[in-house]
Amino acid sequence: MKRQVEVFTANCPVCDPVVKKIKELACDTCEVTTYDLVRLCEDKTCLDKLEKYGIKKVPAVVVNGELLECCKNSAITEMELVEAGIGSHN
């Protein structure tokens with residue numbers, strides 16, 4: 001049975017090593033698809049997948065339809081920005 005691996009990237013210095021490592025680790029039963037969000041995919045499927053998987057940051061890795069735990073819940077929030085002093089006049 002094939003293992004579906006989807007990698008979401010912004011084609012940046014942080015993302016590129018992750019893509020490279022996944023390709024190095026991939027075995028014969030791994031089908032790796034990389035979505036470059038800067039260029040967007042031709043049919044915009046990658047944008048639908050961002051919402052479907054709840055991706056809030058890149059690089060992000062989805063295996064068999066499940067966003068890896070390391071890729072979850074790390075979106076920048078307004079509360080965190082305000083708590084860091086952004087928007088305050090001090």
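Residues numbered from 1 in each chain as written. Predicted model: local features only at pLDDT ≥ 70, side-chain atom pairs only at ≥ 80, totals over all residues. Heavy atoms only, no water.

Some points on the overall build of the chain
Counting its regular elements, the chain contains 3 helices and 4 strands. Secondary structure elements in the chain, listed N-terminal to C-terminal, are β-α-β-α-β-β-α. Evaluated residue by residue, the chain yields a buried proportion of 27% over its 90 residues. Counting only contacts in the chain whose residues sit at least 6 apart along the sequence, the fraction spanning at least 24 positions is 65%. Carbon and sulfur atoms form 54% of the exposed surface of the chain, whose accessible area is close to 6,600 Å². (Helix = DSSP H or I, 4+ residues; strand = E, 2+ residues; numbered from the N terminus. Buried < 20%, exposed > 50% of the residue type's maximum accessible area, 1.4 Å probe, protein only. Contact = heavy atoms within 4.5 Å. Areas by Shrake-Rupley, 256 points an atom, 1.4 Å probe, with all protein chains shown as cover.)

Some remarks on the pattern of salt bridges
Taken as a whole and judged by the stated rule, the model has 4 salt bridges. Here Lys72 and Glu69 are joined by a salt bridge, their closest N and O atoms 3.5 Å apart. Using a relative accessible area of 31% as the deciding quantity, one classes Lys72 as partly exposed. (Salt bridge = Lys/Arg side-chain N within 4 Å of Asp/Glu carboxyl O.)

Remarks on unusual backbone geometry
Negative phi is the rule for most residues except glycine; trans is the rule for most peptide bonds. Across the junction of Val58 and Pro59, the peptide omega takes the value 0°, indicating a cis bond. Take Pro59: it is sitting in the loop between helix 2 (45-53) and strand 3 (60-63). Not every positive phi belongs to a glycine, and Asn11 is a case in point at roughly 55°. The topology assignment puts Asn11 in the loop between strand 1 (3-9) and helix 1 (15-25).

Details of the state of the cysteines
A complete count under the given rule lists 0 disulfides for this structure. As a non-bridged cysteine, Cys30 has Cys27 as the owner of its nearest cysteine sulfur, 3.3 Å distant. The thiol of Cys71 is unpaired, and the distance to the nearest cysteine sulfur, on Cys70, comes to 3.7 Å. Here Cys71 falls in the buried class, since its relative accessible area comes to 6%. (Disulfide = S-S within 2.5 Å.)

A few points about the pairing of strand 3
Where strand 1 meets strand 3, 4 bridges bridge the pair, whose relative direction is antiparallel. Residue pairing across strands places Val5 opposite Val63, the latter belonging to strand 3. Relative to strand 4 (residues 66-67), strand 3 runs antiparallel, the two sharing 2 bridges. Each residue of the ladder has a partner; that of Val63, found in strand 4, is Glu66. Remark: 2 residues form the turn of the hairpin made by strand 3 and strand 4, two consecutive strands paired antiparallel; Asn64 in that turn has positive phi of roughly 50°. (Pairing = 2+ DSSP bridges.)

Some points on the sheet that holds strand 1
With mixed pairing, the 4 strands of this open sheet are ordered in space as 2-1-3-4. Two strands bound the open sheet, and with one partner strand each, they are strand 2 (30-36) and strand 4. Sheet strands in contact with helix 1 are strand 1, strand 2 and strand 3, and its direction is about 165° off that of strand 1. Where helix 2 meets the sheet, its contacts fall on strand 1, strand 2, strand 3 and strand 4, and the angle it forms with strand 1 comes to roughly 105°. (Axes fitted to C-alpha atoms, helices over the stretch in contact; angles between N-to-C directions.)

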